[in-house]
Amino acid sequence: MRVFVAGATGAVGRFLVPLLLEAGHQVTGTARTRAGLDRLREQGAIPVQVDVFDAGGLVEAVAAASPDAVIHQLTALAKGTPADNGRIRREGTRNLVDAAVRAGVTRIVAQSVAWAYAPGDPPAGEDVPLDRTAPPPRANMIGGIAALEETAAELDEHVVLRYGTFYGKGTWYSPDGLVADVLRGEGNAGRAAAFVGRLQADDGVTSFVHVEDAARAAVAALDWPSGPVNIVDDEPAAARDWLPVLAAAFGAPPPPAATGRAGWQRGASNARARSFGWRPRHSSWRTGFTTMEGAERT
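Structure report, in brief. These numbers were taken from a predicted model, which means no experiment stands behind them. Here the residue numbering is sequential within each chain, running from 1 through the sequence in written order. Selection of residues for local features in this predicted model requires a pLDDT of at least 70, selection of side-chain atom pairs for listing and counting requires 80 or more, and totals for whole chains, interfaces and linings are taken over all residues. Note that the side-chain values use all heavy atoms of the structure and ignore hydrogens as well as water.

What to know about empty space enclosed by the protein
Remark: the empty space left among the atoms is shown by a probe the size of a water molecule rolled over them. A cavity here means a set of 1 Å grid points, computed over protein atoms only, where a 1.4 Å probe fits but cannot escape. A pocket is an open set with protein on both sides within 12 Å along at least 5 of 7 lines, and lining residues have an atom within 4 Å of a point. Grid points are joined across faces, edges and corners, and a volume is the space filled by probe spheres set on the points. Inspection of every chain in the model, using the stated rule, returns 1 cavity of 30 Å³ or more. Counted as a void, the largest cavity has a volume near 50 Å³. Along its surface, the largest cavity is lined by L74, T75, N85, I88, R89, Q111, V113 and L148. Secondary structure elements are defined from DSSP: runs of H or I of at least 4 residues count as helices, runs of E of at least 2 residues count as strands, and each element is numbered from the N terminus. Here the lining of the largest cavity takes 3 residues from helix α4 (residues 82–102), the largest share from any one element.

Some words on the packing of helix α1 (residues 13–22) against helix α8 (residues 211–220)
A pair of packed helices can be characterised by two numbers: the angle between their axes and the separation between those axes. In the contact formed by α1 and α8, the axes pass within 9 Å of each other and the chain directions differ by 45°. By the angle between their directions, the pair α1 and α8 is classed as oblique. The handedness of the crossing between α1 and α8 is right-handed. Side by side, α1 and α8 meet where F15, L16, L19 and L20 of the first sit next to V211, E212, A215, R216, A218 and V219 of the second. Polarity classes work like this: nonpolar for Ala, Val, Leu, Ile, Met, Phe, Trp, Tyr, Cys and Pro, charged for Asp, Glu, Lys and Arg, and polar for all others, with Gly in that last group. Across the contact of α1 with α8, the residue classes break down as 8 nonpolar, no polar and 2 charged. Whenever a helix is involved, its axis is fitted only over the stretch in contact; in every case the axis is a line through C-alpha atoms, and angles between N-to-C directions fall within 0 to 180 degrees. If an angle is under 35 degrees, it is roughly parallel; if it is over 145, roughly antiparallel; if it lies from 65 to 115, roughly perpendicular; otherwise it is oblique. When the near helix sits turned anticlockwise from the far one by under a right angle, the crossing is termed left-handed; a clockwise turn instead gives a right-handed crossing. Whether two residues are in contact is decided by their heavy atoms, any of which lying within 4.5 Å being enough.

Quick look at the pattern of salt bridges
We count a salt bridge whenever a side-chain nitrogen from Lys or Arg sits within 4 Å of a carboxyl oxygen from Asp or Glu. All told, the structure shown has 16 salt bridges when counted by the stated rule. The closest approach of N and O atoms between R107 and E157, which form a salt bridge, is 3.3 Å. Within this pair, whereas R107 is found in strand β5 (residues 107–113), its partner E157 is found in strand β6 (residues 157–163), the two being separated by 50 residues in sequence. Only protein chains enter the accessibility calculation, which uses a 1.4 Å probe. A residue is then buried if its area is under 20% of the maximum for its type, exposed if over 50%, and partly exposed in between. On the accessibility criterion, R107 (9% relative accessible area) is buried. Judged by relative accessible area, E157 falls into the partly exposed class, the value being 31%. Where R274 meets D234, a salt bridge forms, and the shortest distance between an N and an O atom there is 2.9 Å. Here R274, found in helix α10 (residues 271–275), pairs with D234, found in the loop between β10 (227–231) and β11 (237–238); they are 40 residues apart in sequence, far enough to count as distant. Its relative accessible area of 28% is what places R274 among the partly exposed residues. Judged by its relative accessible area of 35%, D234 falls in the partly exposed class. In this structure, a network of salt bridges that share partners links the residues R94, D98 and E154.

Right under this line is the structure:
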């Protein structure tokens, strides 16, 4: 299969491209920098330099690749802001889908999130609606996610991967990532807080997914039926449980304990992904945090 990967050098893309190639696919990947293009070329992909906000350039790039499927892994998490990320979800996805339609592509796999569900108690399945009545600033994120998912659904075959919180190499939740800075009180703590808010060891539930498991899901999703699929590990957990483990893995002091949670902090179920045959190799953050490259060994 010919696959066009938008965001091929990001946190997921750097693992995704080699997996696609290993599976026998021909991969065209996008990058914005010379270093990114060189990395893709070294991996064996066809590199293309294009900006997702350049609608005309994107039409040309997708047409030249003539793909059977598009995989959307674009974010602004590396150097952007929440507003930048929202713009990619709205405008970037619009441009990418329009380019896919112009090229005759009928299948897309798109990156979404698993913490956009409406408030409730049990981990959310895909039948739970998005939290469309959330107040600002959460409303801005929900609006971007809804726009991304609705735009992707314009293609006949559309799989929306609702990823849990990423951890592992190249993510915020890595020993050299932004969350580690927050926990240690150093580096880019202020920037990370703008995205993730205040880190508290409270009752709020999070579902995690190792970034390599996220990449494996994107490869598998090329053969999945249309619709949203939660890509999370097997153990949704309250921050009072996972945050001390993460802090220890990063060599940081444990945050003070707290109580309470927002209604949307409920985690997500991976039952649908498992029904398609996907299994997270990192089944729990408990072992995943401590086995990350650069993590403290205790």
